[in-house]
Amino acid sequence: MKDPNIPAYGSLTLISGPCSAESESQLRAAAEFFCRFNRENPRFRVDSLRAGVWKPRSRPGTFEGQGEKALVWMQNIRRDFGLPTITEIASAQHAELCMKYGMDRFWIGARTSANPFLMQEIAESLRGCRFPVYVKNPISPDLSLWTGGMERIEALSGGPVHAIHRGFSLYNSEPFRNAPLWELPVELKRSRPERKIICDPSHIAGKRSLVAGIAQTALDLEMDGLMIEVHPCPENALSDASQQLDFSQFENLMASLVVRRQQGASARIEQIRCMLDEVDDELLQLLAKRMEMVKDLGRLKKQENLSVLQMERWKNVVRRGLDAAARRGLDPGFVQNLLNCIHTEALRLQHDIIDEPEK
Ligand code: PEP
Ligand code: MN
């Protein structure tokens, strides 16, 4: 029997297609495939065909997109297949050209959403047009830059503005191309639950083999959809060849995805949640007690003219914490992060005390 608590697969927003629009025949092959996929898979529906017309590339001398002529191909695809098409805009001029060729939805890429001036100019060019706009997270993990960009568009275009989570550039984000830092999209969802967040596992992964796992994690974190790069022949792709799926890999991925219930937890789960709330209260009470002691220590350090950071003591705290983690079966990375967080707060409190002017 159909469980009403299981979200309909069809309610997921699915945007898929090649990284770049390379030729009209490439786009036609993809559109034909997605139309067949939609007919044969009532569980899912690819809502729009993606393809980059202008490609923001880190290094010069690589393929930078086919530009305006690709907008004509996208227009033909919409007309011939009835499948909406979507592309990336990185300037007001791109937005205007897209509208000239009848595009009615856009995404803004990670390098553009990091720039408030560009976001404002794009917002001006979309004034009153009410088209859906998807804003990718900026390349750096900065939540207010991401939300700020969306707010600029929302204020002027008046249409729905959705977020795309494509991971963040870090110096080392192994095994991913872009670190997912899931806490950011989760916080975005918590603060604005009505805003759709689509995950782009392809740009997080950077390699085909990681795409499915990231897509499943995104669904398990209640993301509202997926943007997946699919190319008729990924090995020959002119950009992002190593992360694009071919048609059968896309079909396998969709068949493997599990959409889990978002609501309707049992009484036993609710009971455990109450117990967790009590433990959280105790943890916070202990933390408050610890921070009071830290302040006393700060006053003494001031009297005794001792520096706030005492490296030997800090090393000892970490060593003790990691030993306790091993004894209690806690993940050492988690305990290290927790201690870093507590210690940063302790240093902040003690700095405030030491910097306080003498009465
Ligand atoms: C893309 O979607 O092809 C793209 C360039 O994405 P991002 O802005 O996430 O790098
Ligand atoms: Mn790409």
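As the structure is a computational prediction, the values presented were derived from the model and not from experiment. (Residues numbered from 1 in each chain as written. Chains lettered and ligands numbered in written order. Predicted model: local features only at pLDDT ≥ 70, side-chain atom pairs only at ≥ 80, totals over all residues. Heavy atoms only, no water.)

Peer 1: It is not clear to me how the overall build of the protein should be interpreted in this structure. Could you clarify?
Peer 2: Along its length, the protein carries 13 helices and eight strands. Once the C-alpha set of the protein is aligned to its principal axes, its extents read approximately 80 × 55 × 40 Å. Counting over 359 residues, the protein shows a buried share of 43%. When the accessible area of the protein is evaluated, it comes to approximately 19,100 Å², of which 54% is carbon and sulfur surface. Of the side chains in the protein, 47 bear a positive and 47 a negative charge, and the two mean positions are spaced by 1 Å. (Helix = DSSP H or I, 4+ residues; strand = E, 2+ residues; numbered from the N terminus. Buried < 20%, exposed > 50% of the residue type's maximum accessible area, 1.4 Å probe, protein only. Areas by Shrake-Rupley, 256 points an atom, 1.4 Å probe, with all protein chains shown as cover. Lys, Arg positive; Asp, Glu negative; His and termini not counted. Charge placed at Lys NZ, Arg CZ, Asp CG, Glu CD.)

Peer 1: I tried to follow a positive patch on the surface on my own but got confused; where do I start?
Peer 2: A cluster of basic side chains, namely Arg290, Arg313, Arg320, Arg327 and Arg328, defines a positive patch on the protein surface. Broken down by element, the residue count for the positive patch peaks at four residues, all from helix 12 (residues 311-328). Checked against the element boundaries, Arg290 lands in helix 11 (residues 267-303). (Patch = residues over 30% accessible without salt bridge, like charges linked within 9 Å, V, L, I, M, F, W, Y side chains within 5 Å. Salt bridge = Lys/Arg side-chain N within 4 Å of Asp/Glu carboxyl O.)

Peer 1: Sorry, what's going on with unusual backbone geometry here?
Peer 2: The amide bond that connects Glu174 to the next residue, Pro175, takes the cis arrangement and shows omega of 0°. Summarising the element assignment, Pro175 is placed in the loop between strand 6 (161-165) and helix 7 (183-191). Look at Leu181: it is not a glycine, yet its phi comes out positive at around 40°. Topologically, Leu181 is positioned in the loop between strand 6 and helix 7.

Peer 1: What exactly am I supposed to notice about the pairing of strand 1 (residues 13-17) here?
Peer 2: Working note: regular strand, side chains alternate between the two faces of the sheet. The element strand 1 is largely enclosed, with a buried count of five among its five residues. Alternating positions in strand 1 separate into two faces, Thr13, Ile15 and Gly17 on one and Leu14 and Ser16 on the other, with burial throughout. As defined by bridge partners, strand 1 adjoins strand 8 (residues 225-229) across five bridges and the pair is classed as parallel. For Ser16, the partnering residue across the bridge sits in strand 8 and is Ile228. In terms of strand pairing, strand 1 meets strand 2 (residues 46-50) through three bridges, oriented parallel. Residue pairing in the sheet places Ser16 in a bridge with Leu49 of strand 2. This β-α-β element, strand 1 to helix 1 (residues 24-40) to strand 2, shows right-handed connectivity. (Pairing = 2+ DSSP bridges. Right-handed = clockwise from strand over helix to strand, strands pointing away.)

Peer 1: Can you help me understand the packing of helix 6 (residues 143-157) against helix 7 in this one?
Peer 2: For any two helices packed against each other, the geometry comes down to the angle between their axes and how far apart the axes lie. At a minimum axis distance of 11 Å, the contact between helix 6 and helix 7 shows a crossing angle of 45°. Classed by the angle they form, the pair helix 6 and helix 7 counts as oblique. Once helix 6 is placed against helix 7, the crossing between them reads as right-handed. Here Leu143, Trp146, Thr147 and Met150 of helix 6 come into contact with helix 7, specifically with Leu184, Pro185, Glu187 and Leu188. A breakdown of the residues in the contact of helix 6 with helix 7 according to their chemical character gives six nonpolar, one polar and one charged. (Axes fitted to C-alpha atoms, helices over the stretch in contact; angles between N-to-C directions. Parallel < 35°, antiparallel > 145°, perpendicular 65-115°, else oblique. Left-handed = near helix turned anticlockwise from the far one by under 90°. Contact = heavy atoms within 4.5 Å. Nonpolar A, V, L, I, M, F, W, Y, C, P; charged D, E, K, R; others polar.)

Peer 1: What exactly am I supposed to notice about the packing of helix 1 against helix 10 (residues 247-256) here?
Peer 2: Remark: helix 1 packs on helix 10, axes separated minimally by 11 Å, with the N-to-C direction vectors making an angle of 30°. If you check the angle between helix 1 and helix 10, you find them roughly parallel. Crossing angle aside, the handedness with which helix 1 passes helix 10 is right-handed. Within the contact between the two elements, helix 1 uses Ala29, Ala30, Phe33, Phe34, Arg36 and Phe37 and helix 10 uses Phe247, Phe250, Glu251 and Met254. For the contact of helix 1 with helix 10, a count of residues per class yields eight nonpolar, no polar and two charged.

Peer 1: Which parts of the structure should I look at to understand the sheet that holds strand 3 (residues 85-89)?
Peer 2: Note: strands within a sheet are paired through backbone hydrogen bonds, in either parallel or antiparallel orientation. One closed barrel accounts for eight strands, arranged 1-2-3-4-5-6-7-8; its pairing is parallel. Averaged over neighbouring strand pairs, the angle between their axes works out to 30° when direction is ignored. Relative to the sheet, helix 2 (residues 68-81) contacts strand 2 and strand 3, its axis offset from that of strand 3 by approximately 155°.

Peer 1: Help me understand the pattern of salt bridges in this model?
Peer 2: Oppositely charged side chains may form a pair once their charged atoms are brought near each other. What the rule picks out here adds up to 23 salt bridges. The salt bridge partner of Glu154 is Arg192, with a shortest N-O separation of 3.5 Å. With a gap of 38 residues between them, Glu154 in helix 6 and Arg192 in the loop between helix 7 and strand 7 (197-199) connect regions that are remote in the sequence. What makes Glu154 partly exposed here is its relative accessible area of 25%. The class for Arg192 is partly exposed, based on a relative accessible area of 26%. Among the ionic contacts, a cluster of salt bridges with common partners joins Glu24, Arg28, Arg79 and Asp80.

Peer 1: How should I be thinking about the layout of surface pockets in this particular structure?
Peer 2: One way to see where empty space is left: roll a probe the size of a water molecule over the atoms. There is about 1,200 Å³ of room inside the largest pocket. Together, 33 residues line the largest pocket, and Leu287, Arg290, Val317, Leu339 and Ile342 are the ones closest to its centre. Of all elements in the fold, only helix 11, helix 12 and helix 13 (332-355) reach the threshold of two or more residues within the lining of the largest pocket. By residue class, the composition of the lining of the largest pocket is 22 nonpolar, four polar and seven charged. Put simply, the second largest pocket is a space of about 280 Å³. Lining the second largest pocket are 20 residues, and of these Pro56, Arg57, Arg111, Arg177 and Asp240 sit closest to its centre. (1 Å grid on protein atoms, 1.4 Å probe; cavity = no way out; pocket = protein on both sides within 12 Å on 5 of 7 lines; lining within 4 Å. Points joined across faces, edges and corners; volume = space filled by probe spheres on them.)

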